[in-house]
Amino acid sequence: MTRLRIDTPAEPPHAYDVLIEPGALDGLPDVVREFAPARRCAVISDAVVADILGERVRGALEAAGFAVELVRFPAGEQAKNRDSWGSVIDSVAGRGLTRDGCVIALGGGVTGDLAGFVAATFMRGVPVVQVPTSLLSMVDASVGGKTGLDTPAGKNLIGAFHQPAAVVVDPRVLATLPADHFRAGMAEAVKHGAIADAAYFDWIVAHAEALGGHDEAALVRLIRRSVEIKAEVVSEDPRERGRRQVLNFGHTFAHALETWTGYRTLHGFAVGAGMVAAAELGERAGITAAGTTDRLRSALQPLRVPERPDGVVPAERILDLARLDKKSREGKIRYTLLRTVGETARGPDGAWSIPVDDGLVGVVLRELWG
Ligand SMILES: NC(=O)c1ccc[n+]([C@@H]2O[C@H](COP(=O)([O-])OP(=O)(O)OC[C@H]3O[C@@H](n4cnc5c(N)ncnc54)[C@H](O)[C@@H]3O)[C@@H](O)[C@H]2O)c1
Ligand SMILES: [Zn+2]
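Presented here is a report on the structure given in the accompanying data block. (Residues numbered from 1 in each chain as written. Chains lettered and ligands numbered in written order. Predicted model: local features only at pLDDT ≥ 70, side-chain atom pairs only at ≥ 80, totals over all residues. Heavy atoms only, no water.)

Our next topic: the site of ligand 1. Close contacts around ligand 1 come from 27 residues, with Asp46, Glu77, Thr133, Ser134 and Thr176 the closest. In this structure, an oxygen atom belonging to ligand 1 sits 2.5 Å away from a side-chain N or O atom of Ser134. (Near = heavy atom within 4 Å. Polar contact = N/O pair within 3.5 Å; in protein donor to acceptor, adjacent residues only side chain to side chain.)

Following this line, the structure appears as structure tokens:
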């Protein structure tokens, strides 16, 4: 069993474990008992995951003496919205969950963000155990305590920080994950290598085949290293005042693209394309080492993560949407850029995001996505 301890020092201080092991799902009742003591639990899942895993998890928890409510919402990024939040909260309240209950977020990153936000807001906060079932949520979304919802104007515009009581990762549940979602998850792992660990970046590329074949040892190693990198960054800056912005590499463009496509682009694929665009932008701005974009492209290729979005994407719309990005200051869009693979660039003022002239961004976007 791999057990990683995540410390978030500030506001309020909180520590929790991420447990990673093939078969870990069977140990969920013990984890809930230890870290989120409750009599009644709401297991929140999208419809797809509820059909595959819902009854198994409900059965295990009931056998361990918990009262369990399975609450479902429609699958997909387009359901990470206020309507789903409202109906899930109504179900949770209607079925008698109280302040001493707990939420179990069983699903991908959409479920983690939505159920986490339900847990953050229901009765001003109940504990949430994150049980990620997509690769993307295992390597990234389930750790760090960000929860939230999309709005038509932009991604994750509503949200709260709500650290989990525990995270339980069972790579075996990936057996049913659709292949395109598996590939999308690899994009966030590549991001972790790109921002902080060149050796990990190269390891992912060298093990693309084993990972694609769901080799258990390789998957555990991947999830573990990604969670370590994310944890290290988040522990230093839980509320994203500075260094946590490195996790945003590729995301200024990715979030704009997701919003522009009406949340029909997979988040991981948007991140893949966003990282290539941010690397090219960094090279043109003289911040990123020459050749970095090519290295990124050749990492994404064997993982079958597209290096650009389908069709023509209008640069002006992406710029307009990127202005809403949380890193923007005084109307200027700021980007997380690399120095090179394995190292994030810092601005002259030491900041982890750097403003770049809209004109140059437009040129790069028209070239890459036009
Ligand atoms: N909070 C954070 O720090 C953070 C970090 C990264 C991403 N995110 C968010 O995560 C979301 C993307 O997450 P995602 O890619 O996991 O999307 P998702 O939750 O929609 O899952 C992808 C699809 O796979 C299905 N699925 C999940 N697990 C499955 C399984 N084991 N078997 C079969 N099908 C399964 C889901 O039903 C869904 O259709 C985005 O909204 C993104 O903003 C959040
Ligand atoms: Zn992401």
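On to the coordination of the zinc ion (ligand 2), then. In this structure, Glu188 (OE), His251 (NE2) and His267 (NE2) serve as the protein donors to the zinc ion (ligand 2), at separations of 1.9 to 2.1 Å. All donors of the zinc ion (ligand 2) come from a single chain, and their spacing in sequence reads E-x62-H-x15-H. Highlighted residues: Glu188 in helix α6 (residues 179-196) and His267 in helix α11 (residues 267-284), separated in sequence by 79 residues. Taken as a pair, Glu188 and His267 share a single burial class, namely buried. (Donors = N, O, S within 2.8 Å, 3.2 Å for Na, K, Ca; no water. Helix = DSSP H or I, 4+ residues; strand = E, 2+ residues; numbered from the N terminus. Buried < 20%, exposed > 50% of the residue type's maximum accessible area, 1.4 Å probe, protein only.)

In the contact formed by α11 and helix α14 (residues 358-369), the axes pass within 10 Å of each other and the chain directions differ by 130°. Taken together, α11 and α14 sit at an angle that is classed as oblique. Relative to α14, α11 is oriented so that their crossing is right-handed. Counted together, Ala273, Gly274, Val276, Ala277, Glu280, Leu281 and Arg284 of α11 and Leu360, Val361, Val363, Val364, Leu365, Glu367, Leu368 and Trp369 of α14 form the full contact between these two elements. For the contact of α11 with α14, the class distribution of residues is eleven nonpolar, one polar and three charged. (Axes fitted to C-alpha atoms, helices over the stretch in contact; angles between N-to-C directions. Parallel < 35°, antiparallel > 145°, perpendicular 65-115°, else oblique. Left-handed = near helix turned anticlockwise from the far one by under 90°. Contact = heavy atoms within 4.5 Å. Nonpolar A, V, L, I, M, F, W, Y, C, P; charged D, E, K, R; others polar.)

The strands making up a sheet associate through backbone hydrogen bonding, with each pair oriented either parallel or antiparallel. Strand order in this open sheet of seven strands is β1-β2-β9-β6-β5-β3-β4, and the pairing throughout is mixed. Two strands close off the open sheet at either side, each with one partner strand: β1 (2-8) and β4 (67-73). The average undirected angle you get between the axes of adjacent strands in this sheet is 20°. In the packing of helix α2 (residues 47-63) onto the sheet, contacts are made with β3 (40-46), β4 and β5 (102-107), and the angle to β4 comes to roughly 175°. Together, β3 and β4 form the strand contacts of helix α3 (residues 82-94), whose direction differs from that of β4 by roughly 160°. (Pairing = 2+ DSSP bridges.)

Turning our eyes to something else, we now look at the packing of helix α13 (residues 315-322) against α14. At a closest axis distance of 9 Å, the pairing of α13 and α14 adopts a crossing angle of 130°. Relative to α14, the element α13 lies oblique. The handedness of the crossing between α13 and α14 comes out as right-handed. In this structure, α13 contributes Ala315, Glu316, Ile318 and Leu319 to the contact, and α14 contributes Asp358, Val361, Gly362, Leu365, Arg366 and Trp369. Its residues assigned to classes, the contact of α13 with α14 comprises six nonpolar, one polar and three charged.

Our next topic: unusual backbone geometry. Backbone geometry places Arg124, a non-glycine residue, at a positive phi of 60°. Examined against the element boundaries, Arg124 turns out to sit in the loop between α4 (109-121) and β6 (128-132). For Asn156, which is not a glycine, the phi torsion comes out positive at approximately 55°. The residue Asn156 is located in strand β8 (residues 154-161) in this model.

End to end, α2 covers 23 Å across 17 residues, agreeing with the expected 24 Å (1.5 Å per residue, within 8%). By the largest-angle criterion, Leu53 marks the main kink of α2, which is about 55°. The elements touched by buried residues of α2 are α1 (28-35), β3, β4 and β5. Structurally, the start of α2 carries an N-cap: the backbone nitrogen of Val48 is 3.0 Å from a side-chain oxygen of Asp46. (Expected span 1.5 Å × (residues − 1). Bend = angle between axes of the 7 residues up to and from the residue.)

Applying the stated criterion across every chain yields a total of one cavity of 30 Å³ or more. Here the largest cavity defines a volume of roughly 30 Å³. For the lining of the largest cavity, a count of residues per class yields two nonpolar, five polar and two charged. (1 Å grid on protein atoms, 1.4 Å probe; cavity = no way out; pocket = protein on both sides within 12 Å on 5 of 7 lines; lining within 4 Å. Points joined across faces, edges and corners; volume = space filled by probe spheres on them.)

Core analysis: the biggest nonpolar cluster contains 105 residues, and Val18, Val32, Ile104, Ile204, Leu222, Phe253 and Trp369 have the highest contact counts within it. Listed in part, the 21 residues of the second largest apolar core include Ala42, Ile44, Ile89 and Val128. (Core = buried A, V, L, I, M, F, W, Y, C linked by side-chain atoms within 4.5 Å.)

These figures capture arrangement, not role.
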